[in-house]
Amino acid sequence: MRTLHTFFIILAQLLCSSITNATIGRPRGVSISMASLYQPAEDGTFTCLDGSSKIPYEYVNDDYCDCNDGTDEPGTSACPNGKFHCTNAGYVPSNILSSRVNDGVCDCCDGTDEDAGRIECVNNCKELGKKLKEEQDRTRKLQQEGFEKQKTFSDEGKRVHEEKIARQAELEKERETLEVTVKDLETAKLEAESPETEAKDKHQKAWDELKAERQAKKEVEAASLAFKELDTNGDNSIDLQEIIAHPEFDIDSNSVVSEEEAKEHLEDKESVDHDTFTKDIWPHVKDIYKKPTTEEPPPEVDPSTEARGEEDQTEQQTVPTVPITDRIEGEPELILDKPSEEKDEDSMPEYDEETKKLIEAADEARKNYDEANSKLKELDNELSSIKSYLEQDYGPNREYAILQDQCFEYTDREYTYKYCPFSKGSQRPKNGGHETSLGNWGNWAGPENDKYSIQLYEKGQNCWNGPDRSVKVHLKCGLEHRLLSSSEPSRCEYAFEFETPCRCSQPSGGTAQPHDEL
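Quantities reported herein were computed from a predicted structural model and do not represent experimental measurements.

Novice: Give a detailed account of the pattern of salt bridges, specifying residues and quantitative values.
Specialist: As enumerated under the stated definition, the model contains 30 salt bridges in all. Between Lys149 and Glu480 there is a salt bridge; the shortest N-O distance is 3.4 Å. Placement of the pair is Lys149 in helix 2 (residues 125-230) and Glu480 in the loop between strand 12 (470-477) and strand 13 (482-490), with a sequence separation of 331 residues. When its relative accessible area of 46% is taken as the criterion, Glu480 is described as partly exposed. When salt bridges with common partners are traced through the structure, they connect Lys189, Glu193, Glu196, Asp363 and Arg366 into a single cluster.

Next comes the structure, spelled out in structure tokens:
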């Protein structure tokens, strides 16, 4: 069978050689770029392209697979691992599996894969080429428009970058001067606060002593009143029976004040005089003692003394202000007797003029220091912000800086996704609910040859019984900044598709043309 097949091939070659002595052309199914590999050797052989064996040249395309790599049958379906080249003149050349050759389906637009007569293929390569060219022209136009915007963004990013550098230098110089000023003002503040504190402490001490004196006087008055109320027989002493008469002195709560309980209140004495009661007894019973509820009629007033009493009261109301400087030498002056409607006796009196001046001076020093220190903090915050901006990788030409401080959203059937470049990614239920962090800005994560094609946002909210959420943002060229889609390729790992002019590159030097291989 092989011999008979070979005979017909040789006969065909002899017939061809009688017509022309030209070099044998490329076999069917071979591209022009591979044609030189399919020329017969001087000894009339063909070497398989993998170098595994040599066969007579006439075995090429004889519908029998001789080479392990299938390269001896580029134009037939004999080798399962072979490839057939579609020239597709006017469109895009392509390679198809040899198994599709003469299978009754037109795979090449020029129909060259079907020559067995089983089907007639229409050559529509020119029509496809025309559509391809139109699509390429549209793509090129979009790419060019996007690239023009990208150049604008890049110029703006570079301009801002230079401005930030200049501003940084200006602020650092200003900071050096301001830092010295703040230290000087802090020293001045401390120097002003020292005498202020001393004067205020003296004033407070005098006021505390005055309050203690007033309180002691009130305690004596209360003790005297209680003594008078307890001394029911008027003998200027309080005895056990007078204590027993007051049920509040019942210690064991049996509604009876026993003699032993009365003695305990009088500190084992049978009776006590006024001074002993005031000094030893009253401090322990003042929280227990209850004033009698029976009111006695007011004492009769002698008309001759009533007028005198009114004069005394008038005199008491017009007593002039008495400073306490006579009581404590060197202490600030305190107002003792202002009428209650003007000054509550429980409120600390005003500072004297000297102390007020010290306070004013300290307030001014504090104000100057606080203002300068606040300005220094604002300056440091601005420097920190500038440093962060300058260290951020905004692309090879800083074209992506335009996206800083912007956010974009995309909504599908369930969620609204939010993408804030160089900040974060998140999602929230479409019908309302809490926002879930999908990740915070990490780094550029594109392949080595296309670093700026993907952004990674990581360390988002933890998935239940799973990893922290993260999102990769895949960037593509477009005329507007738009978040196009969101997906979850694997659990808790999201993918956003975002188009932006920042991603557009300069188109190639001319409109791509369909390849014509003749």
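Text resumes after the structure shown.
Novice: Please provide a residue-by-residue account of the nonpolar core, values included.
Specialist: In terms of nonpolar packing, the biggest core is built from 34 residues, with Tyr400, Tyr419, Phe496 and Phe498 touching the most fellow members. Put simply, the parts of the chain that give this core at least two residues each are helix 2, helix 7 (353-391), strand 8 (415-420), strand 10 (436-444), strand 12 and strand 14 (493-500). Ranked by the residues each element gives to this core, the list is headed by helix 7, at eight residues. With residues up to four places along the chain from it excluded, the contact list for Tyr400 reads Tyr394, Gly395, Phe422, Trp444, Tyr452, Leu475, Thr500, Cys502 and Arg503. If you look at the next biggest cluster of nonpolar residues, it comprises 17 residues, including Ala223, Leu240, Ala262 and Val285.

Novice: Tell me about the packing of helix 2 against helix 5 (residues 274-285), and name the residues and values.
Specialist: Their axes nearest at 10 Å, the elements helix 2 and helix 5 cross at an angle of 115 degrees. Considering the relative orientation of helix 2 and helix 5, their crossing is right-handed. Side by side, helix 2 and helix 5 meet where Glu219, Ala222, Ala223, Ser224, Ala226, Phe227 and Leu230 of the first sit next to His274, Phe277, Thr278 and Trp282 of the second. Its residues assigned to classes, the contact of helix 2 with helix 5 shows seven nonpolar, three polar and one charged.

Novice: I'd love a proper account of the confidence of the model for the protein, names of residues and values included.
Specialist: The share of residues in the protein with pLDDT of 70 or more is 84%, and the mean pLDDT across the chain is 86. Confidence drops under pLDDT 50 across residues 1-23; counting only partners more than four residues distant or on other chains, this segment forms 11 contacts. This model gives residues 305-333 a pLDDT under 50, and the stretch forms 32 contacts once residues within four places in sequence are excluded.

Novice: Could you give an account of the environment of Ser271, with specific residues and numbers?
Specialist: Structurally, Ser271 can be placed in strand 6 (residues 271-273). Among the residues examined, Ser271 registers a relative accessible area of 38% and is labelled partly exposed. When neighbours within four sequence positions are excluded, Ser271 is seen to be in contact with Ser237, Ile238, Asp239 and Leu266.

Novice: Go over the state of the cysteines, please, and point to the residues and values.
Specialist: Enumeration according to the criterion identifies eight disulfides in this entry. Between the sulfur atoms of Cys109 and its disulfide mate Cys125 the distance is 1.9 Å. On the S-S bond that ties Cys109 to Cys125, the torsion sits near 100 degrees, and the link is right-handed. Separated by 16 residues along the polypeptide, Cys109 in the loop between strand 4 (94-97) and helix 2 and Cys125 in helix 2 bring together distant segments of the chain. Cys125 sits in the buried class, given a relative accessible area of 0%. Not engaged in a disulfide, the cysteine Cys502 finds its nearest cysteine sulfur in Cys504; these two sulfurs lie 8.5 Å apart. Exposure remark for Cys502: the relative accessible area of 2% places this residue in the buried category.

Novice: Would you mind going over unusual backbone geometry in detail, with residue names and values included?
Specialist: Both trends apply: most residues other than glycine have a negative phi, and most peptide bonds are in trans. Phi angles above zero are rare outside glycine, and Asp268 is one such case at about 65 degrees. Looking at where Asp268 falls in the secondary structure, it is placed in the loop between helix 4 (259-265) and strand 6. Look at Asp268 and you get exposed, because its relative accessible area is 65%. Of note, the phi angle at Asn465 is positive, near 55 degrees, even though the residue is not glycine. Tracing the backbone shows Asn465 in the loop between strand 11 (454-458) and strand 12.

Novice: How would you sum up the environment of Asp208? Please name residues and give values.
Specialist: The residue Asp208 is located in helix 2 in this model. Take Asp208: its relative accessible area is 36%, and that puts it in the partly exposed class. When the C-alpha atoms of Asp208 and Met348 are compared, they prove to be 8.9 Å apart, with 140 residues separating the residues in sequence.

Novice: Can you tell me about the pairing of strand 11, naming the residues and giving the values?
Specialist: Burial of strand 11 is extensive: four of the five residues sit out of reach of the surface. With four bridges connecting them, strand 10 and strand 11 associate as antiparallel partners. Of the residues in strand 11, the one forming a bridge with Asn443 is Leu456. Note: strand 11 against strand 12, four bridges, orientation antiparallel. Counterpart to Leu456 in the pairing with strand 12 is Lys472.

Novice: How would you summarise the side chain of Ser98 if you had to cite specific residues and measurements?
Specialist: Of note, Ser98 is situated in the loop between strand 4 and helix 2. In this structure Ser98 comes out as buried when scored by relative accessible area, which is 0%. Only 3.1 Å separates the side chain of Ser98 from the backbone nitrogen of Lys83, close enough to count as a polar contact. Once residues within four sequence positions are removed from consideration, Ser98 is found in contact with Glu73, Thr76, Ser77, Cys79, Gly82, Lys83 and Phe84.

Novice: I'd like a rundown of the packing of aromatic side chains, residues and numbers included.
Specialist: According to the stated counting rule, one finds 18 aromatic pairs in the structure shown. When the ring of Trp282 is compared with that of Tyr289, the centres are 6.2 Å apart and the planes differ by 70 degrees; the resulting orientation is edge-to-face. Taken as a pair, Trp282 and Tyr289 share a single burial class, namely buried. Centroid distance Trp444 to Tyr452: 4.9 Å. Interplanar angle 70 degrees. Geometry classified as edge-to-face.

Novice: Account for the sheet that holds strand 11, naming residues and giving values.
Specialist: The strand order 7-8-9-10-11-12-14-13 describes an open sheet built from eight strands, whose pairing is mixed. Strand pairing shows two members of the sheet lacking a second neighbour, strand 7 (408-411) and strand 13, which therefore form its edges. Neighbour-to-neighbour, the strand axes of the sheet open up by a mean angle of 25 degrees, direction not taken into account. In the sheet, strand 13 pairs with strand 14 via six bridges, with the strands oriented antiparallel.

Novice: With reference to specific residues and values, describe the pairing of strand 9 (residues 424-429).
Specialist: Pairing between strand 8 and strand 9: six bridges, direction antiparallel. Note on strand 9: the bridge partner recorded for Tyr419 is Gly425. Here strand 8 hands over to strand 9 after three residues, with Phe422 in that stretch at a positive phi of 65 degrees. Where strand 9 lies against strand 10, four bridges are found, and the strand directions are antiparallel. Each residue of the ladder has a partner; that of Lys424, found in strand 10, is Asn440. Hairpin connection of strand 9 to strand 10: six residues between the antiparallel strands, including Gly432 at a positive phi of 105 degrees.

Rules of the game
- Residues numbered from 1 in each chain as written.
- Predicted model: local features only at pLDDT ≥ 70, side-chain atom pairs only at ≥ 80, totals over all residues.
- Heavy atoms only, no water.
- Salt bridge = Lys/Arg side-chain N within 4 Å of Asp/Glu carboxyl O.
- Helix = DSSP H or I, 4+ residues; strand = E, 2+ residues; numbered from the N terminus.
- Buried < 20%, exposed > 50% of the residue type's maximum accessible area, 1.4 Å probe, protein only.
- Core = buried A, V, L, I, M, F, W, Y, C linked by side-chain atoms within 4.5 Å.
- Contact = heavy atoms within 4.5 Å.
- Axes fitted to C-alpha atoms, helices over the stretch in contact; angles between N-to-C directions.
- Left-handed = near helix turned anticlockwise from the far one by under 90°.
- Nonpolar A, V, L, I, M, F, W, Y, C, P; charged D, E, K, R; others polar.
- pLDDT = per-residue confidence, 0-100.
- Disulfide = S-S within 2.5 Å.
- Pairing = 2+ DSSP bridges.
- Polar contact = N/O pair within 3.5 Å; in protein donor to acceptor, adjacent residues only side chain to side chain.
- Phe/Tyr/Trp six-rings, centres within 6.5 Å; stacked < 30°, edge-to-face > 60°.

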